[in-house]
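Understanding the architecture of this molecule
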Protein chains: 2
Amino acid sequence: MAATNFVDWVCKRSTPLSPVVPVPSDIDVAQSVDALPVSSISRAVGIPDDHLDLYGKYKAKVHLSELDRLASVEQGSYVVVTGITPTPLGEGKSTTSVGLAQAVGAHLNKPCFVCLRQPSQGPTFGIKGGAAGGGYSQVIPMEEFNLHLTGDIHAITAANNLLAAAIDARMLHEATSDDNALWNRLCPTAPNDPGDGSTREFAPVMLKRLEKLGINKTKPMELTQEEITRFVRLNINPDTITWNRVVDTNDRFLRGITVGLGNLEKRPRNTQYDITVASEIMAILALTDSLADMKERFGRMVIGFSHAGEPINANDLGITGALLVLMKDAIMPTLMQTLEGTPVFVHAGPFANIAHGNSSIIADKIALKLVGPAGMVITEAGFGADIGFEKFCDIKCRTSGLVPQCAVLVATVRALKMHGGGPTVVAGTPLPGAYKTENLELLKKGISNLARHVENSKKFGVAVMVAVNQYSTDSKAELDMVCEMSKQAGADGAFVCNHWALGGAGAIDLAKAVSTACAEKRKCTSGFRYLYPLELSIKEKIIAIATQLYHAAGVEFSPKAEEKIAAYTKNGFDKLPICMAKTHLSFSHDAKMKGAPEGFILPIRDVRASVGAGFIYPLVGEMSTMPGLPTRPCFFDVDMNLTTGKVVGLF
Amino acid sequence: MAATNFVDWVCKRSTPLSPVVPVPSDIDVAQSVDALPVSSISRAVGIPDDHLDLYGKYKAKVHLSELDRLASVEQGSYVVVTGITPTPLGEGKSTTSVGLAQAVGAHLNKPCFVCLRQPSQGPTFGIKGGAAGGGYSQVIPMEEFNLHLTGDIHAITAANNLLAAAIDARMLHEATSDDNALWNRLCPTAPNDPGDGSTREFAPVMLKRLEKLGINKTKPMELTQEEITRFVRLNINPDTITWNRVVDTNDRFLRGITVGLGNLEKRPRNTQYDITVASEIMAILALTDSLADMKERFGRMVIGFSHAGEPINANDLGITGALLVLMKDAIMPTLMQTLEGTPVFVHAGPFANIAHGNSSIIADKIALKLVGPAGMVITEAGFGADIGFEKFCDIKCRTSGLVPQCAVLVATVRALKMHGGGPTVVAGTPLPGAYKTENLELLKKGISNLARHVENSKKFGVAVMVAVNQYSTDSKAELDMVCEMSKQAGADGAFVCNHWALGGAGAIDLAKAVSTACAEKRKCTSGFRYLYPLELSIKEKIIAIATQLYHAAGVEFSPKAEEKIAAYTKNGFDKLPICMAKTHLSFSHDAKMKGAPEGFILPIRDVRASVGAGFIYPLVGEMSTMPGLPTRPCFFDVDMNLTTGKVVGLF
């Protein structure tokens, strides 16, 4: 299969967008365009019908076999969209990713894919609303993007919670049974057993546990009584369990719970729920590239430690294959479309603090092959560049081996004014007046934040383009200042973008510049580099990120963090990359330190490990892994028009 | 659209099954046949492509617009499969439903649909395994049937838990805010408000609450301070909350939990999780027939009572539209196929004790239209005929207005011997020897159970056919005795069936007899009747079921039950049908009373209401709504063959 597969790629709508002024609500814009059948998108990009599973008319899962089919095709250019340190409102990274894709696909007429994260359903009904982009730069149908999609997050919930149930059930069975009873249940004899137990058999997953225990035997009969005891007893120390249950709902009353209070259990244990996207299974989905690799990672997931201090993983619980089967469809990315008919992959959406916050490697890999060497894949990294982009490079690209050519840094005049000392911005309340009138002084001061993100991003060896996401209240002088100072800070280009109001037509200059920069970068293959080598110690890696990117003067490790680092190092987990769990609202640990702070000491409160996903995550302050519902959640407005069958009130 | 739509219905495979002896494992049989593309099934039965959403190649959701398209078509015959009082192993109702459908469709060549419940994923990974039928009478692909399917149960989990989160969050906000703060957040002013609150607006769902409060106003400005207080404060009494969280996992440690222990909440409340299929939302999905009706029912769902004793429902919480949107795809039944190409609808699977245990009305209605007057729809009722069939008639058919012609009572020699005094049968342990050798005496004694089910079923005015689900260890004399005594008890026919080993070919005699009986019954429209009229009091209805069907000598109501009955009557819920929450292992409340017990007093421990679903459910003894995991759950065997991509170890 040659790259000519893509010469005729036409993946845009036959009729251009007709943007309306003022821009209607997101769902009204989304519903103003009839989505194309997804099968016409898949055929336009060359996916054979039998490598695709439709989920209704506008969503389809693409088989991993596409990677084999396209093995010999040269990849397209790889562009990551990141941002400055945002306000709590977000500065439009998703909207810019979609708008840029619409510009490249529907206006420059180049093969183009945009790869996005699947949003959690929790915030959709809570305070934030949907996440399909906005205005005339959206993924459609936006209600399907925001709700259920193709069930991947539900599959993660199911897999995560099956493992959680298995942990507590296993502890109960071990506590209430002697070794022989456990052995007879785990490896039962067949009804025709001659009485010597020769009909006992190990399930294949049990061999993994035996291997870990150093018991090199495959027949149950061969085990000594001492080996049987070691095999049947996981001896999980309940105080060490880090595997929480999850739900894809903003349910703050599950932040702290006691389980096991039933009359038949009576074994209380304090634990908590996280929102599903915080599950390690989500992080694995985003980092894997095959069923075999996903299974390996699932098996390695550490759920806690035994009383003897040994890590206990999913293989020990015998559940790895079941987790894989629950996730076998979720591993396929979901094909959708933008408002201008550009193909979209939606796949995975790990937390951007306790996990790496990037959409899946699989989606990017398939898309890079589908667009071919003349095309472009735009992918988005969560939070600001200090977090999402650093993790994109040091975790996602290191895992995938993919090399980006260009980073697009999204900035807004609003956020830069905030960094310059503007009033506090709070989600759900009206924006203070200071953000709606020209204030060059405030802006100039705040550009320090953008400048540092530019400098930081350049350290990774990519081209850096600044996209100023324009608001109607921004003045020309303000927009010019941002562009000018971006270039002074080292950006390869800076462009005012108006894709929210105009669709792809509002981001054509950016698209051209990104396209040219990618072509330049592709000529020299050695540009991209990681921030740190994996061989450094856990502490050295943390210090590298803190000092080189955050500009901390130093790092302070709590005694707990020191203890955990020692334990992880002892267990051989110290060669993993680092995934900083830090606020996205400041370069520092303190959300109130705006702009480009210097000289602070970064405190590491605790250190945790996602051994299956493959990273160590230091906790810089408290990280909430479960949002709550406000007094008047978004759900009050969500409904269906029973006459038209359309969803209303989503935004 | 005339009935001729169906004259040319050919919905069977071009090559017949080739059963193997001995019958391989369920998943091996299921994978031995290449499933037809579901689009070839949908086209054969006349569903237009644009009334269908594919979910992969072998599953599709059928739009409710089929009901409009086929409005003028005469319905087919309606057959319900029920059973005797089973052993804990189950006696093969699903297998018989599928086998009978294969016989009618692929051997009698008549238009035929089988409508089944979607199984919970919990037991699939726990102790029970899958629920797609068995042997050569299965729904395929069985792994898709048993896992995720098209996401309906996941949607129920999401909807149920959003409501649960909203309840606790609302109580927290009410406890920590004064009336004005609540008012300002529930009905905020717009940024351009002149200061008099004239820009406040009610969300449409809020009007439902106002209506319930008897406040006949539509503008927030018009409310008095006293009305504002009543509007903003639900004043939920936490001790009365009956809305539990749910999960589709066997997680016994969630049977008793305390929530709200987080540092920011510190409002502990004892509650529990149920398995998802126990959610009232599942019961509603099974009983509704349109989006508008489903919305009405969601709005009526009572989650608890205020401190003043007023029922609080989903409308009060402003969440009805969001629940509807979450369930908008789940309301469509999922089209699949049997091993012999017969069309299958899989839709809804409510608990058979605390709910009515029958698959959806929507699936049955669409199927009855699709098969047309010459065709047959086979649907299955959960548990034995004392529970599932009674609820099929008194709740499901009363709600739908549909009239069944024939009931098929599934019996096994094994279960009848148990009723005759055979040894205890325990799931997960080998069957005692008594069940594997001829024992006519034990069998004869146990047929009392079958005889009573026959007599009971006849009371509803349907034809009653006994299907003896044959096992290899049954003797000819045993099988003959069951058939002979069934007819003596009043059955319209009794047939030995061997569809497990042979597919439809093993149930041809049954299929012919059911077909003939349906044709006879269709000639007289007045045969079918309910057991009791809705106008009776709650107690009278309970007594009617207990004495007429169970043969109890009387009913004893606990003080709690008396109190609840009084409260429900006062709130106008007393004209709802009754859904007995009773063990399925005996006609009585005591699972140990086998055969056809008489003279016992049926104890009613408590009475609850599913006001949205529309039934009162008396609790006869303890009902577990959350199964557990054994020491060696099914999940140990579940895996994927990474070479073939096939699921292994599901059964």
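From a predicted model like this one, the values you see are computed outputs, not experimental measurements. (Residues numbered from 1 in each chain as written. Chains lettered and ligands numbered in written order. Predicted model: local features only at pLDDT ≥ 70, side-chain atom pairs only at ≥ 80, totals over all residues.)

Inspection of the secondary structure assignment puts asparagine 641 of chain B in the loop between β23 (639–640) and β24 (647–648). Sequence-distant contacts of asparagine 641 of chain B, defined by excluding residues within four places in its chain, comprise Lys646 and Val648 of chain B. (Helix = DSSP H or I, 4+ residues; strand = E, 2+ residues; numbered from the N terminus. Contact = placed C-beta atoms within 7 Å.)

In many reports, interface size means the accessible area that the parts give up when they come together. Counting residues at the interface gives 70 residues for chain B, matched by 69 residues for chain A. Looking at the side of chain B that touches chain A, the element that brings in the most residues is helix α7 (residues 152–176) of chain B, giving 10 residues. Its residues assigned to classes, the side of chain B that touches chain A shows 38 nonpolar, 18 polar and 14 charged. (Nonpolar A, V, L, I, M, F, W, Y, C, P; charged D, E, K, R; others polar.)

All names here are of chain B. Relative to the assigned elements, valine 466 resides in strand β17 (residues 463–469). Classification of valine 466 as buried rests on a count of 28 C-beta atoms within 10 Å. C-alpha separation for the pair valine 466 and cysteine 497, spaced 31 residues apart in sequence, amounts to 9.7 Å. Once residues lying within four places of it in the same chain are set aside, the contact partners of valine 466 are Leu409, Ala411, Leu450, Val454, Ser486, Ala491 and Ala494. (Buried ≥ 20, exposed ≤ 12 C-beta atoms within 10 Å, placed from the backbone.)

Residue and element names in this part refer to chain A. Mean pLDDT over chain A: 94, with 98% of residues reaching 70 or higher. Here residues 1–7 scores under 50 on pLDDT; set against residues more than four positions off or in separate chains, the count is 17 contacts. With a pTM of 0.96, the predicted complex shows an ipTM of 0.95. (pLDDT = per-residue confidence, 0-100.)

Right, let's get into the pairing of strand β3 (residues 77–83) of chain B. Residue and element names in this part refer to chain B. Within β3, seven of the seven residues are buried, which leaves it mostly tucked inside the rest of the structure. In β3, alternate side chains face the same way, and those of Ser77, Val79, Val81 and Gly83 on one face and Tyr78, Val80 and Thr82 on the other are all buried. In terms of strand pairing, β3 meets strand β16 (residues 406–411) through five bridges, oriented parallel. Bridging from a neighbouring strand, valine 81 pairs with valine 408 of β16. (Pairing = 2+ DSSP bridges.)

Before going further, it helps to examine helix α18 (residues 476–488) of chain A. All names here are of chain A. Taking 1.5 Å as the rise per residue, α18 with 13 residues should run 18 Å; its terminal C-alpha atoms sit 18 Å apart, in good agreement. By the burial criterion, the buried members of α18 are Glu478, Val482, Met485 and Ser486. Take α18 and look down its axis: the buried residues cluster within an arc of 110°, on one side only. Across from the buried face of α18, at angles greater than 90 degrees, the exposed residues are Lys476, Ala477, Glu484 and Gln488. (Expected span 1.5 Å × (residues − 1). Arc of directions from axis to C-beta.)

Residue and element names in this part refer to chain B. Here strand β19 (residues 554–557) shows one buried face, formed by Val555 and Phe557, and one open face, formed by Gly554 and Glu556. For β19 and strand β20 (residues 601–604), the ladder comprises four bridges, and the chain directions are parallel. From the neighbouring strand, valine 555 faces β20, where its bridge partner is leucine 602.

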